[in-house]
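Each chain, written out:
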Amino acid sequence: MPLTNSQRRFLKGRAHALKPVITVGNAGVSDSLLEELDMQLKTHELLKLRLRVDERTARDECIAQLVASSGAELVSRVGNVAILYRARLREPGLVLPR
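Small disclaimer: the values here were computed from a predicted structure and weren't measured.

Rules and cut-offs
- Residues numbered from 1 in each chain as written.
- Predicted model: local features only at pLDDT ≥ 70, side-chain atom pairs only at ≥ 80, totals over all residues.
- Heavy atoms only, no water.
- Buried < 20%, exposed > 50% of the residue type's maximum accessible area, 1.4 Å probe, protein only.
- Helix = DSSP H or I, 4+ residues; strand = E, 2+ residues; numbered from the N terminus.
- Arc of directions from axis to C-beta.
- Pairing = 2+ DSSP bridges.
- Axes fitted to C-alpha atoms, helices over the stretch in contact; angles between N-to-C directions.
- Salt bridge = Lys/Arg side-chain N within 4 Å of Asp/Glu carboxyl O.
- Expected span 1.5 Å × (residues − 1).

Trainee: Can you help me understand helix H1 (residues 5–15) in this one?
Mentor: Counting along an α-helix, one turn takes 3.6 residues, and residues three or four places apart therefore face a common direction. Within the span of H1, buried status applies to Gln7, Leu11 and Ala15. Seen along its axis, H1 keeps its buried residues to an arc of 65°; they face one direction. Away from its buried face, by an angle of more than 90 degrees, H1 presents the exposed residues Asn5, Arg9 and Gly13.

Trainee: Is there a simple way to explain the sheet that holds strand S3 (residues 73–78) in this structure?
Mentor: Note: strands within a sheet are paired through backbone hydrogen bonds, in either parallel or antiparallel orientation. The strand order across the open sheet built from four strands is S1-S2-S4-S3, with neighbouring strands paired in mixed fashion. Every other strand in the sheet has two partners, leaving strand S1 (22–24) and S3 as the edge strands with one partner each. When strand polarity is set aside, the average angle formed by the axes of neighbouring strands in this sheet is 25°. Examined bridge by bridge, S1 and strand S2 (residues 46–51) share three bridges and lie parallel to one another. If you follow Val24 over to S2, its bridge partner there is Leu51.

Trainee: What exactly am I supposed to notice about the pattern of salt bridges here?
Mentor: A pair can form between side chains of opposite charge whenever their charged atoms are brought close. One pass over the structure, following the stated rule, counts three salt bridges. Residue Asp38 pairs with Lys42 through a salt bridge whose shortest N-O separation is 3.3 Å. Placement of the pair is Asp38 and Lys42 together in helix H2 (residues 31–44), with a separation of four residues, close to one helical turn. Here the salt bridges do not stand alone but share partners, grouping Asp38, Lys42 and Arg86 into one network.

Trainee: Help me out: how do you make sense of the pairing of strand S4 (residues 81–85) in this one?
Mentor: In the case of a regular strand, side chains alternate between the two sheet surfaces. Most of S4 sits out of view: four of its five residues are buried. Inspection of the sheet shows S2 paired to S4 by five bridges, in the antiparallel sense. Bridging across to S4, Leu47 finds its partner in Leu84. Pairing geometry for S3 and S4, over five bridges, is antiparallel.

Trainee: Is there a simple way to explain helix H3 (residues 56–70) in this structure?
Mentor: Taking 1.5 Å of rise per residue, 15 residues should cover 21 Å, and H3 covers 21 Å from first to last C-alpha, within 8% of that figure. Burial in H3 covers these residues: Arg59, Cys62, Ile63, Leu66 and Ser70. Each buried residue of H3 sits inside an arc of 95° when the element is viewed along its axis, so together they form one side. Exposed and facing more than 90 degrees away from the buried side of H3 are Thr57, Glu61 and Ala68. Phi turns positive, to about 75°, at Gly71, one or two residues after H3.

Below is the structure:
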C-alpha cells in the first residue's frame with residue numbers, strides 16, 4: 001500500500017531523531033545486509049539508513065534494491081540518508097494518519 005503525503009510527513013517527523021541503523025558501503029547490497037535489514041524492519045518498522053556509495057546513480061540503485069527486497073516503502077531520501085518503513089503484520093507499532 002503506497003503511503004500518502006500526510007503519512008510520509010508523519011514518518012519523516014518520527015524518523016528525524018533516529019540514528020542510522022544500517023550503513024551500506026561501496027560494496028553495495030549483500031545477502032547479509034538484506035537479512036539485517038529484514039530483522040531491523042521486523043523490530044523497528046521505521047529505519048534510517050546511511051549510504052556510503054560515491055555515485056548518485058549507484059545510491060539510487062542500492063535504495064531501489066533494498067526497497068524491492070525488503071517490501072518496505074521509501075519514506076524519504078536526502079543525500080546519503082534514506083528512511084524506510086514497513087508495517088509489522090502482527091502487532092503494528094506506529095499508527096499512521098489517514
